[in-house]
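What follows is the residue order along each chain.
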Amino acid sequence: MTVLLSPDAIAARRPVARASLAPLARSLRDELAPLLDAGTPWIPAEKARLTRAGGRCPRDGVLLDFDPWRPREHRCPVCATSYRDEDHYRWWVMNYQLWLAERSAHAAALYVLTDDVPCGVLAADILRGYAARYASYPNRDNVLGPTRPFFSTYLESVWLLQLAVALDLLESRDGHTALGDEVRERVIRPSATLIASYDEGSSNRQVYNCAAVAAAGALLGDEGFIAAATRGPSGLATLITSGLLDDGTWYEGENYHLFAHRGLWYGVTIADALGLSLPHEGLRRFREGFATPFATALPDFTFPSRRDSPYRVSLRQWRIAESCELGVARADDPRLFAALAALYDRRVAEGATARACSTAEAERNVAPVRLSRASLGWKSLLFARDTLPPLAERAQKSVHLAGQGIAVFRRDRARTCIALD
Ligand SMILES: [Zn+2]
């Protein structure tokens, strides 16, 4: 079975990765260089741990920078102090495990699309490393649900999803191997069983539990896993028709929308690849969900700090551009073309996108920088359109998001707005 794309669909992507998206392929390859040069990837012996102190500067209260190459040195972006406490290391382990798992999907995509053999070896080494290590992490000292490498189930879901995609990509090229059996037996099945045992109802976290269990079901040929993840009471069909409101927003608000919608993308894409049908209305809401983050954006292109959304986060993130690209890969949408015109604005100052520190879907946001199609991620290499139509910015209009209960009135070519919640 197939997780995201059939072997034929992957083969059809190879000319795109070598032509119009070659700058993206090259930039993704450059970013893997340190890991490719480092030999067998290092995997921490300790499980991640959530504490009050871990990961934050005690003076400024901000998250410490994540650097995958510095496990024992954690720098504050505000006061520049470096901390070496064990609590910070155990928080860092969470980011590192997600980062490394995502690198397996990243490397496997480059291998199957560009014949880059060292990338294929790296992806296999990461999978082999986790197959050897997974059972050694104790399923205890958790916060939200059972898990071995992490402290909450949904984090293990995000992690497992990356490994499942990586294995599937490798097998689309090399067929079934002994490594595939080992990863299925020692990681995919036990991890999916653990995730499936913890139903988080209508939480945004359940989106990732469903996607991971569906991906595992596809790899294991396990119809029970697939049915529960897609048609079960808290499955994908329910999440896209009730977690997403009729205006296409995730019911928990802007901050959760971005995280949940990226997870729904995996779920819907896996269902597509398996030939499963989903409710028409849910798919309409899902398509609408690509555009809604821009509907409520403030004039400075940040999203509103409603509820527990972080303060003044810019939409100018590579991950947001990737979401638009994945949206227009499914269907034309003038709102997304306009958003891409804004995101790819050449007048914005250049800077670090922080893609190199991407921790799969549990990312942190950075200051706005200039983006291009070469800033996108491995998912875009697999799914983004060969070419985009000419992009032109257009001012956001007034909107009423009836489901969310938010009206945004815009005037003066959207330079002024009032939002009523
Ligand atoms: Zn500080």
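Here the structure is a predicted model, which is why all the values come from computation and not from measurement.

1. Focus: the packing of helix α9 (residues 236-243) against helix α10 (residues 254-274)
It is at 10 Å that the axes of α9 and α10 come closest, and there the two elements cross at 130°. One way to sum up the angle between α9 and α10 is to call them oblique. Along this stretch, α9 crosses α10, giving a crossing that reads as left-handed. For the pair α9 and α10, the contacting residues are Leu236, Leu239 and Ile240 in the first and Leu264, Gly267, Val268 and Ala271 in the second. A breakdown of the residues in the contact of α9 with α10 according to their chemical character gives six nonpolar, one polar and no charged.

2. Re the nonpolar core
With 129 residues, the main nonpolar core has Leu4, Trp159, Leu264, Phe294, Leu343 and Leu381 as its most contacted residues. When residues of this core are assigned to their parent elements, the largest contribution, 18 residues, is made by helix α3 (residues 86-114). Counting the residues that make up this core, at least three belong to each of domain 1 (1-198) and domain 2 (290-394). For phenylalanine 294, the contacting residues outside a window of four places in its chain are Phe301, Leu315, Ile320, Cys324, Leu336, Ala339, Leu343, Gln396 and Arg410.

3. Thoughts on the coordination of the zinc ion
At this site the zinc ion is bound by Cys57 (SG), Asp60 (OD), Cys76 (SG) and Cys79 (SG), with donor distances of 1.9 to 2.3 Å. One can describe the site at the zinc ion as tetrahedral: its four donor atoms subtend angles covering 102 to 114° at the metal. Binding-site remark: the zinc ion is held by donors from one chain whose sequence spacing is C-x2-D-x15-C-x2-C. Of this pair, aspartate 60 sits in the loop between α2 (22-37) and β1 (74-75) while cysteine 76 sits in the loop between β1 and β2 (82-83), and the two are 16 residues apart along the sequence.

4. Let's talk about a nonpolar patch on the surface
Taken together, the side chains of Phe409, Ile418 and Leu420 define a hydrophobic patch exposed on the protein surface, amounting to about 300 Å² of accessible area. Of note, phenylalanine 409 is situated in strand β6 (residues 406-411). Phenylalanine 409 gets classed as partly exposed once you look at its relative accessible area, which sits at 40%.

5. Regarding the pairing of strand β7 (residues 416-420)
Examined bridge by bridge, β6 and β7 share five bridges and lie antiparallel to one another. Opposite alanine 407, over in β7, you have leucine 420 as the bridge partner. The antiparallel hairpin formed by β6 and β7 contains four residues in its connecting segment, where aspartate 412 sits at a positive phi of about 55°.

6. Some remarks on the domain arrangement of the protein
Split into domains, the protein comes out as domain 1 (1-198) and domain 2 (290-394). The C-alpha centroid of domain 2 is placed 22 Å from the C-alpha centroid of domain 1. With 33 residues of domain 1 at the contact, the number on the domain 2 side is 22 residues. Summed over both partners, the interface of domain 1 with domain 2 buries about 2500 Å², with 64% contributed by carbon and sulfur atoms. Counting across the interface, domain 1 meets domain 2 through one salt bridge. The shortest N-O distance in the salt bridge between arginine 355 and glutamate 31 comes to 2.9 Å. When residues of the side of domain 1 that touches domain 2 are traced back to their parent elements, those giving at least two are α1 (7-18), α2, α3 and α5 (153-174). A total of eleven residues in the side of domain 1 that touches domain 2 trace back to one element, the largest contributor, which is α3.

7. Let's talk about the pattern of salt bridges
Under the defined criterion, the tally for this structure stands at 32 salt bridges. Across the salt bridge formed by glutamate 182 and arginine 186, the nearest N and O atoms sit 3.8 Å from each other. Of this pair, glutamate 182 and arginine 186 are both found in helix α6 (residues 178-196), four residues apart, which corresponds to roughly one turn of the helix. Of the residues examined, glutamate 182 reaches a relative accessible area of 26% and is grouped as partly exposed. Take arginine 186: its relative accessible area is 40%, and that puts it in the partly exposed class. Residues glutamate 325 and arginine 373 are paired through a salt bridge, measuring 2.9 Å at the closest nitrogen-oxygen approach. Separated by 48 residues along the polypeptide, glutamate 325 in helix α13 (residues 318-330) and arginine 373 in the loop between α14 (334-343) and α15 (378-383) bring together distant segments of the chain. Look at glutamate 325 and you get buried, because its relative accessible area is 0%. Arginine 373 sits in the buried class, given a relative accessible area of 18%.

8. A look at the sheet that holds strand β5 (residues 399-401)
Taken in spatial order, the three strands of this open sheet run β5-β6-β7, and their pairing is antiparallel. Because the sheet does not close on itself, it has two edges, and the strands there are β5 and β7. Pairwise comparison of adjacent strand axes, ignoring direction, gives a mean angle of 10° for this sheet. Here β5 pairs with β6 via three bridges, running antiparallel. What sits directly across from valine 399, in β6, is valine 408.

Rules used in this analysis
- Residues numbered from 1 in each chain as written.
- Predicted model: local features only at pLDDT ≥ 70, side-chain atom pairs only at ≥ 80, totals over all residues.
- Heavy atoms only, no water.
- Axes fitted to C-alpha atoms, helices over the stretch in contact; angles between N-to-C directions.
- Helix = DSSP H or I, 4+ residues; strand = E, 2+ residues; numbered from the N terminus.
- Parallel < 35°, antiparallel > 145°, perpendicular 65-115°, else oblique.
- Left-handed = near helix turned anticlockwise from the far one by under 90°.
- Contact = heavy atoms within 4.5 Å.
- Nonpolar A, V, L, I, M, F, W, Y, C, P; charged D, E, K, R; others polar.
- Core = buried A, V, L, I, M, F, W, Y, C linked by side-chain atoms within 4.5 Å.
- Buried < 20%, exposed > 50% of the residue type's maximum accessible area, 1.4 Å probe, protein only.
- Domains from an automatic or database assignment.
- Donors = N, O, S within 2.8 Å, 3.2 Å for Na, K, Ca; no water.
- Tetrahedral: all angles 85-135°; square planar, octahedral: opposite > 155°, others 65-115°.
- Patch = residues over 30% accessible without salt bridge, like charges linked within 9 Å, V, L, I, M, F, W, Y side chains within 5 Å.
- Areas by Shrake-Rupley, 256 points an atom, 1.4 Å probe, with all protein chains shown as cover.
- Salt bridge = Lys/Arg side-chain N within 4 Å of Asp/Glu carboxyl O.
- Pairing = 2+ DSSP bridges.
- Buried area = accessible area lost by both parts, 1.4 Å probe.

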